[in-house]
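Report on the structure
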Amino acid sequence: MNTSSKILVTGGTGYIGSHTTVELIIQGYDVVIVDNLSNSELFILDRIEEITGVKPAFYDYDLTNRNQIRQIFSEHPDIKGIIHFAASKAVGESVEKPLLYYRNNLNSLINLLEEMQPAGISHFVFSSSCTVYGQPDKLPVTEHAPVKPALSPYGNTKKICEDILKDTIAGGKDINVEALRYFNPIGAHASGLIGELPRGIPNNLVPFITQTAIGIREELKVFGDDYNTPDGSCIRDYIHVVDLAKAHIVALRRMMARENKSKYEMFNLGTGNGYSVLEVIKSFEKVSGHQLNYKIVDRRPGDIEQIWADTTLANNELGWKAELGIDEMMRSSWEWEKKYRNASKKY
Ligand code: UFG
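All values derive from a computational prediction rather than experimental measurement.

So, on to the nonpolar core. Counting 57 residues, the largest nonpolar core has Leu-24, Ile-209 and Leu-252 as its most contacted members. Of the residues forming this core, the biggest block, nine residues, is contributed by helix α8 (residues 241-257). If we skip the residues at most four places from it in the chain, Leu-24 touches Ile-7, Val-9, Tyr-29, Val-31, Ile-83, Ile-249 and Leu-252. In terms of nonpolar packing, the next biggest core, distinct from the first, is built from 27 residues, Met-116, Ile-164, Ile-175 and Val-177 among them.

Following this line, the structure appears as structure tokens:
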């Protein structure tokens, strides 16, 4: 095991970043976090410490500033790999502010790539998304499915970032890249100390469900029940964030085992199971004992009808498989919501 390896986690106080930091620490890695706190809270560092007994080094820096990246690398010359989560991720906002999304998501990647080699770092894990598949022609979708034109500037940044990484390796840079295409991460850490913490009105389904159940939102709007699916609502491959976090460590270890061989790989990270919006609601009602106030409304523009992953490649090559099912995802999301709201008395 790489017990002494130091890893830079960008966006490490965010939703997936914080869960991955916890898993890295538990598995013996030394973690440095950089996060500009644009969509996360500083207290998450204390929560990480509460869970693991370790408080990671932290920089409130912006990755669009190259000098700040250089400073981190000079203060931590022993960083061996980077897991890059930091990015703007709201689909709707990206339509209104495309330049913000292109600047944040592309410049931060380019800066990291330009600075990592002089710093002697050769391993890079990238947060990509199933958004690159659009509505696939065949389900479940494999990594060989064609990349479709993006439906939003956010989605386009994920596609362009993948291209930047591929081209960088093709151009001869000696780096290893694992691009991980996430399906729909939900759920929270079993401790209830970290979880998804959207600012303002949530865009995503599960935080909207839990906020409705706890009384912050009046009702959930289900966007469409006239899709060509068994119950008419959209289908997604929801994956527990802790399973997702663990996949990053497996991917990192795989790269480190092939030290100095530059290679680009990508993997779907999902469970391989699709659930409809109405099935997700049913699971929530079952595990929480709450009847959810929801109503069916029109379709949300830009939503794809249905997608779920073929995870064969990740199962076979990474030796990784998602273990937690939909009920556990909903149960942990609900426990996190209750614990967070009760502790902060914000509702
Ligand atoms: N939904 C509702 N009501 C809500 C919110 C969502 O019915 O209030 C539905 C959506 O219509 C969709 C499903 O719940 O059918 C999941 O929606 P999310 O917004 O939670 O997730 P998306 O699948 O739309 O988006 C996710 C990520 C994006 C990524 C995209 C790729 O959040 O970052 O997957 O498909 F780009």
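Still more to cover.
In this section: helix α7 (residues 205-214). Summarising burial for α7: 10 of the 10 residues are buried, a large majority. At the C-terminal side of α7, Gly-215 shows a positive phi close to 100°.

Bringing unusual backbone geometry into the picture now. In this structure, the amide linkage connecting Leu-139 to the following residue, Pro-140, adopts the cis form with an omega of -5°. Along the polypeptide, Pro-140 turns up in the loop between β5 (123-129) and α6 (153-170). One non-glycine residue, Leu-37, lies in the positive phi region at around 60°. Within the secondary structure layout, Leu-37 lies in the loop between β2 (30-34) and α2 (43-52).

What follows is about the pattern of salt bridges. With the rule as written, the count across this model stands at 25 salt bridges. With its nearest N and O atoms 3.5 Å apart, the salt bridge here joins Arg-258 to Glu-265. No difference in accessibility class separates Arg-258 from Glu-265, as the two residues are buried. A salt bridge links Glu-328 to Arg-331; the nearest nitrogen and oxygen atoms lie 2.9 Å apart. Note that Glu-328 and Arg-331 are positioned in helix α11 (residues 326-344) at a spacing of three residues, about one turn of the helix.

Quick look at the site of the ligand now. The ligand sits among 18 residues. The nearest are Asn-204, Leu-205, Lys-221, Arg-236 and Asp-303. Measuring from an oxygen atom of the ligand, one finds a backbone N or O atom of Asn-203 at 3.4 Å. Note that an oxygen atom of the ligand is positioned 2.9 Å from one of the backbone N or O atoms of Leu-205. Relative to its unbound accessible area of 680 Å², the ligand is 89% covered by the protein chains. Tallying contributions element by element places strand β8 (residues 220-223) first for the shell around the ligand, with four residues.

With parallel pairing, the seven strands of this open sheet are ordered in space as β3-β2-β1-β4-β5-β6-β11. Each edge of the open sheet is held by one strand with a lone partner, namely β3 (57-59) and β11 (263-269). Adjacent strand axes in the sheet meet at a mean angle of 20° when their direction is disregarded. In this structure, strand β4 (residues 79-84) lies alongside β5, joined through four bridges in parallel fashion. Bridging across to β5, Ile-82 finds its partner in Phe-124.

Here we come to the packing of aromatic side chains. Taken as a whole and assessed by the stated rule, the structure comprises five aromatic pairs. Summarising the aromatic geometry, the rings of Phe-43 and Tyr-340 are spaced 6.1 Å apart at their centres and angled 10° between planes, so their arrangement reads as stacked. With a gap of 297 residues between them, Phe-43 in helix α2 and Tyr-340 in helix α11 connect regions that are remote in the sequence. What makes Phe-43 partly exposed here is its relative accessible area of 26%. Here Tyr-59 and Tyr-61 contribute two aromatic rings whose centre-to-centre distance is 5.2 Å and whose plane-to-plane angle is 55°, an arrangement assigned as tilted. Accessibility classification places Tyr-59 together with Tyr-61 in one group, the buried group.

We now examine the pairing of β11. Among the seven residues that make up β11, five are buried, leaving the element largely enclosed by the rest of the structure. The pairing of strand β6 (residues 176-182) with β11 spans seven bridges and is classified as parallel. Each bridged residue has a counterpart across the sheet, and for Ala-179 the counterpart in β11 is Met-266.

Position of Ser-94 among the secondary structure elements: in helix α4 (residues 91-96). Here Tyr-154 takes part through its backbone nitrogen, which lies 3.0 Å from a polar atom of the side chain of Ser-94. With near-sequence residues (within four places) excluded, Ser-94 lies in contact with Tyr-101, Ser-152, Pro-153 and Tyr-154.

This next bit is on the pairing of β5. The element β5 is largely enclosed, with a buried count of seven among its seven residues. Side-chain alternation along β5 places His-123, Val-125, Ser-127 and Ser-129 on one buried face and Phe-124, Phe-126 and Ser-128 on a second face that is also buried. In terms of strand pairing, β5 meets β6 through seven bridges, oriented parallel. Each bridged residue has a counterpart across the sheet, and for Ser-129 the counterpart in β6 is Tyr-182. For the crossover from β5 across α6 to β6, the handedness is right-handed.

Rules behind the numbers
- Residues numbered from 1 in each chain as written.
- Predicted model: local features only at pLDDT ≥ 70, side-chain atom pairs only at ≥ 80, totals over all residues.
- Heavy atoms only, no water.
- Core = buried A, V, L, I, M, F, W, Y, C linked by side-chain atoms within 4.5 Å.
- Buried < 20%, exposed > 50% of the residue type's maximum accessible area, 1.4 Å probe, protein only.
- Helix = DSSP H or I, 4+ residues; strand = E, 2+ residues; numbered from the N terminus.
- Contact = heavy atoms within 4.5 Å.
- Salt bridge = Lys/Arg side-chain N within 4 Å of Asp/Glu carboxyl O.
- Near = heavy atom within 4 Å.
- Polar contact = N/O pair within 3.5 Å; in protein donor to acceptor, adjacent residues only side chain to side chain.
- Areas by Shrake-Rupley, 256 points an atom, 1.4 Å probe, with all protein chains shown as cover.
- Pairing = 2+ DSSP bridges.
- Axes fitted to C-alpha atoms, helices over the stretch in contact; angles between N-to-C directions.
- Phe/Tyr/Trp six-rings, centres within 6.5 Å; stacked < 30°, edge-to-face > 60°.
- Right-handed = clockwise from strand over helix to strand, strands pointing away.

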